[in-house]
Amino acid sequence: NHAKKAHQDMEAAVIEALAQNGRAVTIGMEMFQRPKQDILDKWSAGDLQQKDFLEQVDWKGQWGYPYEFYRPVLEEARIRHLGLVGLNIPRDWVRTASRQGIDKLPTSAKLQLPPAMFLGNKDHRRIFDALVGPHAMPGVSPDNMYSAQVLWDEAMSDTALKYIAVAPEKPNQVFVVVAGSGHVMYEQGINFRINRRRGGRGVTLVMMEADKPAEVSRGIADFVFVSQTVLENSKSG
């Protein structure tokens, strides 16, 4: 979940464990957009101070959750000089797709995306409808809302695949995607898109909160981390 200390600490712990076990780790994060990649490269190289980094990536404007939650993950990238990739696309692309449909995206956006968005995953659509439920936006077509979600997942998987295609190959390399659970649960989001395009299902860790021991669906992920429910201060800061 976003802005949950236990969850971001676990993300950092997974990255640290992989690195300590000899894996060449690259971190792809939903929290950053593609146009900020040069700034992420400078951060990983240790060439930016935190204040300058946050200003240049427009942290408050682009993500908004307090940086303190995400510091452990980003410090792992900086201290270990790990590849850091901004997976996301500009918000206005997703906004346009949700209100008007993918076809209404500007040509400049379409040229940066896969040529076709696969909308025929019925399992994913059922999960999306269940998650959105009463949160659907008034006056917005459910089909357009779903196409925006597909655009989001497809674009983030596309970013990861493009990075892998041009990055120098390293022994024991692993690409870690850090994204909200709605983008990966039941292997129907980013992971489905990557598997469909190049093969390889990956390993999924989904995190959730509960006040007491909880049961989870068997197929929700390979691993599930359940933390104690905590009321976080997730306001922008």
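Conventions we followed
Residues numbered from 1 in each chain as written. Predicted model: local features only at pLDDT ≥ 70, side-chain atom pairs only at ≥ 80, totals over all residues. Heavy atoms only, no water. Helix = DSSP H or I, 4+ residues; strand = E, 2+ residues; numbered from the N terminus. Rg over C-alpha atoms; globule rule 2.2 N^0.38 Å. Buried < 20%, exposed > 50% of the residue type's maximum accessible area, 1.4 Å probe, protein only. Contact = heavy atoms within 4.5 Å. Areas by Shrake-Rupley, 256 points an atom, 1.4 Å probe, with all protein chains shown as cover. Lys, Arg positive; Asp, Glu negative; His and termini not counted. Charge placed at Lys NZ, Arg CZ, Asp CG, Glu CD. Salt bridge = Lys/Arg side-chain N within 4 Å of Asp/Glu carboxyl O. Pairing = 2+ DSSP bridges. Axes fitted to C-alpha atoms, helices over the stretch in contact; angles between N-to-C directions. Parallel < 35°, antiparallel > 145°, perpendicular 65-115°, else oblique. Left-handed = near helix turned anticlockwise from the far one by under 90°.

**Some points on the overall build of the protein**
Along its length, the protein carries 10 helices and 5 strands. A globule of 237 residues ought to have a C-alpha radius of gyration of about 18 Å, and the protein, at 18 Å, matches this closely. By residue count, 43% of the 237 residues in the protein fall in the buried class. Taking all contacts inside the protein whose residues are at least 6 apart in sequence as the whole, residues at least 24 apart take part in 71%. With the model as given, the accessible surface of the protein reaches about 12800 Å², and the carbon-plus-sulfur share is 52%. Here the protein holds 29 positive side-chain charges and 28 negative ones, and the gap between their average locations is 4 Å.

**Here we look at the pattern of salt bridges**
Summed over all chains, the structure comprises 16 salt bridges. Between R126 and D123 there is a salt bridge whose closest N-O contact spans 2.3 Å. Placement of the pair is R126 and D123 together in helix α8 (residues 122-132), with a separation of 3 residues, close to one helical turn. Its relative accessible area of 53% is what places R126 among the exposed residues.

**Focus: the pairing of strand β2 (residues 83-88)**
Along β2, 5 of the 6 residues are buried, which leaves the element largely enclosed by surrounding structure. Relative to β2, strand β1 (residues 24-33) is paired through 5 bridges, and the arrangement is parallel. Bridging across to β2, M29 finds its partner in G86.

**Overview of the packing of helix α1 (residues 5-20) against helix α5 (residues 67-80)**
Relative placement of two packed helices is described by the angle separating their axes and the distance separating the axes. Closest axis-to-axis distance for the α1/α5 pair is 6 Å, and the angle between their directions is 20°. In terms of orientation, α1 and α5 fall into the roughly parallel class. For the pair α1 and α5, the sense of crossing is left-handed. For the pair α1 and α5, contact is made by K5, Q8, D9, E11, A12, I15, E16, A19 and Q20 and by F69, Y70, P72, V73, E76 and R80, respectively.

**Some thoughts on the sheet that holds β2**
The 3 strands are arranged β2-β1-β3 in an open sheet whose pairing can be described as parallel. The sheet terminates laterally at β2 and β3 (173-178), the two strands that pair on one side only. Neighbouring strand axes in the sheet, compared pairwise and without regard to direction, differ in orientation by 30° on average. In the packing of helix α2 (residues 37-44) onto the sheet, the strands contacted are β1 and β2, and the crossing angle to β2 comes to about 155°.

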